[in-house]
Amino acid sequence: MPSFSSAVSDSGRPAPSRLWRDGDFRSLWVGQTASQLGEHTSLLVLPLFAVLTLDAGAGQLGLLRAVGQAPILLLSLFVGAWVDGWRTRTVMVLSDAGRTLTLGAAALAGLLGGLGLPALFVVVFAVGVLSVFFDVAYQSSLVRLVRRDQLVRGNSALEGSRSAAQIGGPALGGALVSWLSAPVATAVGALFFTLSFLSIRRIRRIESVPDHPERRPARTGRRILEGLRFVVGDTSLRTVCLASAAFQFSFAALMTVHLLFLPRELHLSGTVVGLSLAATGPGALLGSLLAARLPGRFGHGAVLVSAAALGDGAFLWVPALHGSSAMPVAALLAVGFVFGAGGQLVNVTVMAVRQAVTPDGMQGRAAATITFVGMGLTPLGSLLGGYLAQEWGLRTSLLVTAAGMLVSPVVMALSPLARLGRTLPEPAGQACPASD
């Protein structure tokens, strides 16, 4: 977790001790957790609203998910260039305030019976735009606040709160949709974002925004090109982009089919669907804890490849499930747990590598470039998932898309990224501060 303690190290950055006694740290932790709860609740509630309430077909669900993911492709590079010159606290506060208003309006429209598919498309697109701003700022914040030798621990702590949200968000969203209504579940998501921006705005410590050599900021286009050249020119980051693109494309297709397969093929209720997706949370929590230890013991490259292969391969078992008895539900929980553990171990390790090799003034653009390349194909993946579900059937489509996710660990295994050792590489063009 980013440290805002008044106790600082010789480098002027916060020391790792006394964090929980510091009010700014507690405000950040509460805000981060609430924002992740709002996000993971909404990611389930809005598609379930379309499938269970509006009776959306496979093609419509694929299009809905694609619309929500389109801002990643359209805006990531511009947002990355912009965030590098701003306080990440400000960006996160404004983003979550916007998501509060958007979901609040959607909840009200739903309660009044006016939230149809066209309005739902508008909602998911607006939430997607604001999420791009929040996510880029979130990925850039830690490196401005802690020393580089604390990045793995810091990311592990940050991802721990996200793991908790992965447990609570889908389970809560699915239960609310089943027991009450989709508009009520949407309103709960808005309340989480309200808590987030109210908490994060209480932070008073001024983070160190990197100085730019020119008095005037460089033009956005040139700054975007600088970020692209930096990522393409670094072997590790280039591989991360390719592996992420392969995974996210296939995963977007798989989740579109998965959200149809669970209620329509296995006949699971919204509550059970939410619980099955929430199973990734405990796994992700374990992955966060392991990420603080395993890379330093076995090497960052070995951990990345093995965790990706284990986590992604778990979904190959899902197409074989039948019925809604305890056995398939238990199998879904096990798949979610393994996928969450492997995926989180990959996420934390990749983020630490990316932050370690990137100079401070390039953090936002590097994060946005990787997001753009890695996540930019997700709208097409969602559309493909809807198409496959219509043409090939749900079980065959699940098997094909699950197999597609295994391209990611293969890409990493065939690259120099797999040979990264126990210590993080130094940032390009500068040396890392010495460890304590």
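Residue numbers here run from 1 along each chain, matching the order of that chain's written sequence. Per-residue local features of the predicted model are confined to residues with pLDDT of at least 70, and side-chain atom pairs are confined, for both listing and counting, to 80 or more; whole-chain, interface and lining totals are unaffected and use all residues. Note: side-chain values were computed over all heavy atoms of the structure, leaving out hydrogens and water.

**Student:** Is there a simple way to think about the overall build of the protein chain in this case?
**Tutor:** Counting its regular elements, the protein chain contains 17 helices and 0 strands. Contacts spanning at least 24 positions in sequence make up 86% of the contacts within the protein chain whose residues lie at least 6 apart. Note on areas: Shrake-Rupley, 1.4 Å probe, and residue coverage restricted to the protein chains presented here. When the accessible surface of the protein chain is split by element, carbon and sulfur atoms take 66% of a total near 17,800 Å². Think of it this way: any DSSP run of H or I at least four residues long counts as a helix, any run of E at least two long counts as a strand, and we number them from the N terminus. In this description, contact between two residues means that some pair of their heavy atoms is separated by no more than 4.5 Å.

**Student:** Whenever I open this one, the environment of Ala187 confuses me. Can you help?
**Tutor:** Note on placement: Ala187 falls in helix α6 (residues 182–200). The buried label applies to any residue whose accessible area, calculated with a 1.4 Å probe on protein chains only, is under 20% of its type's maximum; exposed applies above 50%, and partly exposed to all values in between. Owing to a relative accessible area of 28%, Ala187 belongs among the partly exposed residues under this scheme. Separated by 81 residues in the primary sequence, Ala187 and Ala106 place their C-alpha atoms 8.0 Å from one another.

**Student:** What's the story with the packing of helix α8 (residues 235–265) against helix α13 (residues 326–357) in this structure? I'm lost.
**Tutor:** In a packed pair of helices, the relevant descriptors are the angle between the two axes and the axis-to-axis distance. Here an axis means a line fitted to C-alpha atoms, over the contact stretch when the element is a helix, while the angle between two N-to-C directions is reported on a 0 to 180 degree scale. In the contact formed by α8 and α13, the axes pass within 12 Å of each other and the chain directions differ by 155°. With respect to their mutual orientation, α8 and α13 come out roughly antiparallel. As α8 packs across α13, the resulting crossing turns out to be left-handed. Contacts from Ser236, Leu237, Val240, Phe247, Phe251, His258 and Leu262 of α8 reach α13 at Leu332, Phe339, Val350, Val353, Arg354 and Val357. If an angle is under 35 degrees, it is roughly parallel; if it is over 145, roughly antiparallel; if it lies from 65 to 115, roughly perpendicular; otherwise it is oblique. Should the near helix be turned anticlockwise from the far one by less than a right angle, the crossing is termed left-handed; should it be turned clockwise, right-handed.

**Student:** It is not clear to me how the packing of helix α12 (residues 300–313) against α13 should be interpreted in this structure. Could you clarify?
**Tutor:** Direction vectors running N to C along α12 and α13 enclose 150°, while the axes themselves pass 8 Å from each other. Taken as axis vectors, α12 and α13 run roughly antiparallel relative to one another. As for the relative orientation of α12 and α13, their crossing is left-handed in sense. Side by side, α12 and α13 meet where His300, Val303, Leu304, Ala307, Ala308, Leu310, Gly311 and Asp312 of the first sit next to Val338, Phe339, Gly342, Leu345, Val346, Thr349, Val350 and Val353 of the second. Tallied by class, the residues present in the contact of α12 with α13 amount to 11 nonpolar, 4 polar and 1 charged. Under this grouping Gly is polar, as are all residues other than the nonpolar Ala, Val, Leu, Ile, Met, Phe, Trp, Tyr, Cys and Pro and the charged Asp, Glu, Lys and Arg.

**Student:** I keep staring at helix α10 (residues 280–291) and nothing clicks. Help me out?
**Tutor:** An α-helix turns once per 3.6 residues; consequently, residues spaced three or four apart project the same way. Multiplying 1.5 Å by the residue count of a helix minus one yields the expected span of that helix. The end-to-end C-alpha distance of α10 is 16 Å, a good match for the 16 Å that 12 residues give at a rise of 1.5 Å each. The set of residues buried in α10 consists of Thr280, Gly281, Gly283, Ala284, Gly287, Ser288 and Ala291. An end-on view of α10 places all buried positions within 155° of arc, on one side of the element. The reported arc concerns the directions from the helix axis to the C-beta atoms and nothing else.

**Student:** How should I be thinking about the side chain of Ser382 in this particular structure?
**Tutor:** Here Ser382 shows up in helix α15 (residues 378–392). Taking relative accessible area as the criterion, Ser382 reaches 0% and is therefore assigned buried. A polar atom in the side chain of Ser382 sits 2.6 Å from the side chain of Gln69. What qualifies as a polar contact is a pair of N or O atoms within 3.5 Å, subject to a donor-acceptor requirement within protein and to the restriction that residues adjacent in sequence count only when both atoms come from side chains.

**Student:** Looking at this structure, I do not really get the packing of aromatic side chains. What am I missing?
**Tutor:** The criterion for an aromatic pair is that two Phe, Tyr or Trp rings (for Trp, the six-membered ring) have centres within 6.5 Å, with stacked assigned to planes under 30 degrees apart, edge-to-face to planes over 60 apart and tilted to the rest. Inspection of every chain in the model, using the stated rule, returns 4 aromatic pairs. Relative to Phe339, the ring of Phe247 lies with its centre 6.4 Å away and its plane at 25°, an arrangement referred to as stacked. You can see Phe247 sitting in helix α8 and its partner Phe339 sitting in helix α13, a full 92 residues away along the chain. Exposure remark for Phe247: the relative accessible area of 16% places this residue in the buried category. Exposure remark for Phe339: the relative accessible area of 11% places this residue in the buried category. Grouped by ring-pair contacts, the aromatic residues Phe247, Phe251, Phe315 and Phe339 constitute a single cluster. In this arrangement the basic side chain of Arg99 is found over the ring face of Phe134, its NZ or CZ atom lying 4.9 Å from the centre. Lysine NZ or arginine CZ positioned within 6 Å of the ring centre and within 35 degrees of the ring normal marks a charge as sitting over the ring.

**Student:** I keep staring at unusual backbone geometry and nothing clicks. Help me out?
**Tutor:** One non-glycine residue, His267, adopts positive backbone phi at about 60°. Following the sequence through the fold, His267 ends up in the loop between α8 and α9 (270–278).

**Student:** How do you make sense of the pattern of salt bridges when you look at a structure like this?
**Tutor:** Pairing between side chains of opposite charge can happen when their charged atoms approach one another. By definition here, a salt bridge exists when the distance from a side-chain nitrogen of Lys or Arg to a carboxyl oxygen of Asp or Glu is within 4 Å. Scanning the entire structure with this criterion turns up 2 salt bridges. For the salt bridge of Asp96 with Arg99, the shortest nitrogen-to-oxygen distance reads 2.6 Å. In this pair, Asp96 and Arg99 are both assigned in helix α3 (residues 88–111), 3 residues apart and thus about one turn of the helix distant. Note on Asp96: relative accessible area 0%, which makes it buried. Judged by relative accessible area, Arg99 falls into the buried class, the value being 0%. With its nearest N and O atoms 3.6 Å apart, the salt bridge here joins Arg395 to Glu265. Of this pair, Arg395 sits in helix α16 (residues 394–405) while Glu265 sits in helix α8; the two residues are 130 residues apart in sequence, bridging distant segments of the chain.

**Student:** Sorry, what's going on with the confidence of the model for the protein chain here?
**Tutor:** Caution applies to low-pLDDT regions: their predicted coordinates should not be interpreted in detail. Taken residue by residue, the protein chain gives an average pLDDT of 78. The fraction at 70 or more is 80%. Within the protein chain, helix α5 (residues 151–179) has the poorest average pLDDT of any element, 68, and α16 the best, 92. Confidence scores per residue from the predictor, reported as pLDDT, run from 0 to 100. Considering only residues more than four positions removed or in separate chains, one finds that residues 1–19, a stretch of pLDDT under 50, has 62 contacts. Note that pLDDT drops below 50 for residues 430–436; the model gives that stretch 12 contacts with residues more than four away or on any other chain.

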